[in-house]
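What follows is each chain in one-letter form.
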Amino acid sequence: MSNEVLLQAQDVRQYFTVKKERGQKATLYAVDGVTLSIYKGETFGLVGESGCGKSTLGKTFLRLYPLTGGKIVFDGKDISRLRGKELKEFRCKSQMIFQDPSSCLNPRRKIEVILSEPFIIHGLYNTKEERRRRILELCDMVGLSSAYLERYPHEMSGGQKQRVGIARALALNPQLIICDEPVSALDVSIQAQVINLLEDLQKQLNLTYLFISHNLSVVKHCCQRIGVMYLGKIVELASAERLYQNAMHPYTQALISAIPVIDDGSERPIPQQIVLSGDLPSPTSPPVGCAFHTRCPHAMERCGKERPTLQEVEPGHFVSCFLYEQIP
Amino acid sequence: MNTVKQLLKHKNFMFKLGLVICIGWIVIAIFAPLLTPYHPINDQNIVGRFQPPSAEHWFGTDSLGRDVFSRVLYGSRISMSAGLITVLISFGVGILFGGIAGYVGGVVDDVMMRFSEMVQSFPPLILAMVIAAALGPNISNSILAMAIIWWPNYARLTRSIVISVKENDYVTASRILGASHLRILYREILPNSIGPMAVMATLDLGNAILMFSGLSFLGLGVQPPVPEWGAMVSDGVLTFNYWWISTFPGLAIFSVAIGANFIGDGLRDYLDPRMRKRA
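How each quantity is defined
- Residues numbered from 1 in each chain as written.
- Chains lettered and ligands numbered in written order.
- Predicted model: local features only at pLDDT ≥ 70, side-chain atom pairs only at ≥ 80, totals over all residues.
- Heavy atoms only, no water.
- Helix = DSSP H or I, 4+ residues; strand = E, 2+ residues; numbered from the N terminus.
- Rg over C-alpha atoms; globule rule 2.2 N^0.38 Å.
- Buried < 20%, exposed > 50% of the residue type's maximum accessible area, 1.4 Å probe, protein only.
- Contact = heavy atoms within 4.5 Å.
- Areas by Shrake-Rupley, 256 points an atom, 1.4 Å probe, with all protein chains shown as cover.
- Lys, Arg positive; Asp, Glu negative; His and termini not counted.
- Charge placed at Lys NZ, Arg CZ, Asp CG, Glu CD.
- Pairing = 2+ DSSP bridges.
- Axes fitted to C-alpha atoms, helices over the stretch in contact; angles between N-to-C directions.
- Salt bridge = Lys/Arg side-chain N within 4 Å of Asp/Glu carboxyl O.
- Polar contact = N/O pair within 3.5 Å; in protein donor to acceptor, adjacent residues only side chain to side chain.
- Nonpolar A, V, L, I, M, F, W, Y, C, P; charged D, E, K, R; others polar.
- Core = buried A, V, L, I, M, F, W, Y, C linked by side-chain atoms within 4.5 Å.
- Phe/Tyr/Trp six-rings, centres within 6.5 Å; stacked < 30°, edge-to-face > 60°.
- Lys NZ or Arg CZ within 6 Å of the ring centre and 35° of its normal.

## Regarding the overall build of chain A
So, point 1. From N to C terminus, chain A includes nine helices and 12 strands.
So, point 2. Compactness check: chain A gives a C-alpha radius of gyration of 21 Å against a globular reference of 20 Å for 328 residues, within 12% of the reference.
So, point 3. Judged by the C-alpha coordinates and their principal axes, chain A covers about 70 × 55 × 45 Å.
So, point 4. For chain A, with 328 residues in total, the buried portion stands at 50%.
So, point 5. Of the contacts made within chain A by residues no fewer than 6 positions apart, 64% connect residues no fewer than 24 positions apart.
So, point 6. For chain A, the exposed area adds up to about 15600 Å²; of that, 48% sits on carbon and sulfur atoms.
So, point 7. Computed over 39 positive and 35 negative side-chain charges, the inter-centroid distance for chain A is 9 Å.

Structure follows, in structure tokens:
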């Protein structure tokens, strides 16, 4: 990990228009003002409950949607308004690994054809032998036997399919890979294999990961820095170590207290579990003020009126909560 | 090729029966001159008209003394090709129209679908009659008229399938790899949507033949003396004592319609993963 920023997001907003009953339209605030930096070579974790916008944020970084507002700078270049040829060039630099290995491969194509796609699209390795050699190289990297190249996706197991997905993401030599819950659909025994594979590849190819997950143990294991998302906003951002030792935002505290602890009879006190009441508010009508105040055990009067901003409370540790607001 | 082999191995008896019937009619259509004992138009024999089925005239003779058997066999040429062409045109137009509407979505989708609903809001047979009558009653105009009223079915089906298929991660992956929209439609979405549409096309083949026969029955399809099943049924209606004139072309229509339906049913069962045994 270096101090060079690979991807910088400034106040990124991604809204969608959704149809409600009786033809009414509503705005869905999927990502609402996210500012963060991802450094070269690091694994940045993004956690949060379902529907908080973490996948959308990942896809926004890949420019899959027209950006509603804000700015994304990738490797020193503003990519937030790229189009056509420039966007296609950017596609080589960032890729994605999907959650569901069974839907990320076209069921009607053999693995070899699926892995040839990136090269055909970008006009790389034009002869058949060159392409074949590169595909075998990719298989080797992700630990996939070349015998699978002749198979169809439905003839493979989830872990093998996920390896194909990783090989496809690596095909164009990207710098950034968005891992959208890459292991949550896999068996536990396979999860460890895939995570180790991702870590090895990161060292080998100097990759940067944005690791999206709702599994806190996995994130703790493989990420250097972690952002916690709630209703389209980052509520806390810190190094993995600090976040687990000293979670500040009430939401993060609740999340971390929910990690199961094994009672091994040692002296270590078992932390009190914080149980949040209620559901995630609808992202089409987020609460006024702090998005979390409807469920926050520490909510104050002010939280329902003003919206807190992300503030650095200790070096590298950002929290968006009035409890920690420093009075200047 | 592999898929075709698996499909044939599939235990469905009805599917094979349908295949035999339809391929049989296609063979008959191609080799009609070799199989018929008489010429369907020129071999008239006014003296020997309204003959009941016999060893000489298997299906009897009609009001002009023409051999009904020969006319039924020759009739397959026009009926089968009219059905096939109608379905193919509607299939092509429907895929294009529905594919674009479903893939692009938004306002484009709304406008395109309202247009197809507009076409669908007319009673089909009457619209076909109006078009065929306005353009002049002949084979190609009738086929055109049928295609015009038929394509919205395919467009709507294609649209709904495309909308569900495009949500798959492999489509997103293709976009992230930088594939063009055309490539995504052609390489990722279409191959995964074609199954249900092929089923609908085979099921429709029978309907199209029926409708074309209906138009001919009303005098808007082919003109006499060209042999066509619908027109031949219509011929016999006025002289119902001579039942064979209407019955045999009617049975021909029935057999093709039911054969096509068997194929469609078999195809649907085969494509439904719950009905399909793992290879």
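## Here's the deal with the sheet that holds strand S7 (residues 176-180) of chain A
Residues and elements named next belong to chain A.
So, point 1. The eight strands lie next to each other as S6-S7-S8-S3-S9-S10-S12-S11, forming an open sheet whose pairing is mixed. Each of the sheet's edge strands pairs with one partner strand only, and the pair in question is strand S6 (94-97) and strand S11 (311-314). For this sheet, the mean angle separating the axes of adjacent strands, direction not counted, is 25°.
So, point 2. Most of the contacts of helix H5 (residues 158-170) go to S6, to which it runs at about 175°, and overall it touches S6 and S7.
So, point 3. Contacts from helix H9 (residues 250-257) reach strand S9 (225-230) and strand S10 (233-239), with the element oriented near 110° to S9.

## Details of the interface of chain A and chain B
Interface extent is often summarised as the accessible area lost during association of the parts.
So, point 1. In this assembly, 27 residues from chain A lie in contact with 17 residues from chain B.
So, point 2. Across the contact surface, chain A and chain B share two salt bridges.
So, point 3. Among the ionic pairs, Glu117(A) bridges to Arg183(B), the shortest N-O distance being 3.0 Å.
So, point 4. Here chain A is connected to chain B by 13 residue pairs in polar contact (both at pLDDT 80 or more).
So, point 5. Those elements that place two or more of their residues in the side of chain A that touches chain B are helix H2 (84-91), S6 and helix H3 (111-122) of chain A.
So, point 6. Take the side of chain A that touches chain B: its biggest share by element is six residues, from H3(A).
So, point 7. Partitioned by chemical class, the residues of the side of chain A that touches chain B number 12 nonpolar, six polar and nine charged.

## Focus: the nonpolar core
Generally speaking, nonpolar side chains in soluble globular proteins are found buried as a group.
So, point 1. Counting 92 residues, the largest nonpolar core has Leu36(A), Leu57(A), Phe61(A), Ile166(A), Leu170(A) and Leu201(A) as the members making the most contacts within it.
So, point 2. Apart from the residues lying within four places of it in its own chain, the contact partners of Leu57(A) are Val12(A), Val31(A), Val34(A), Leu36(A), Leu46(A) and Met229(A).

## Some details on the packing of aromatic side chains
So, point 1. Within the structure shown, the criterion is met by 15 aromatic pairs over all chains.
So, point 2. Considering the side-chain rings of Phe16(A) and Tyr65(A), the 5.0 Å spacing of their centres and the 85° angle between planes classify their relative orientation as edge-to-face. Of this pair, Phe16(A) sits in strand S1 (residues 5-19) while Tyr65(A) is found in the loop between helix H1 (54-61) and strand S4 (69-74), placing the two residues 49 residues apart along the sequence.
So, point 3. Its relative accessible area of 22% is what places Tyr65(A) among the partly exposed residues.
So, point 4. A network of ring pairs unites the aromatic residues Tyr242(B), Trp243(B), Trp244(B) and Phe248(B) as a single cluster.
So, point 5. The ring centre of Tyr244(A) lies 5.1 Å from the NZ or CZ of Lys220(A), which sits over that ring.
So, point 6. In this structure, Arg302(A) is placed above the aromatic ring of Phe322(A), and the distance from its NZ or CZ to the ring centre is 3.9 Å.

Take it as geometry only, folks, not as evidence of what the structure does.
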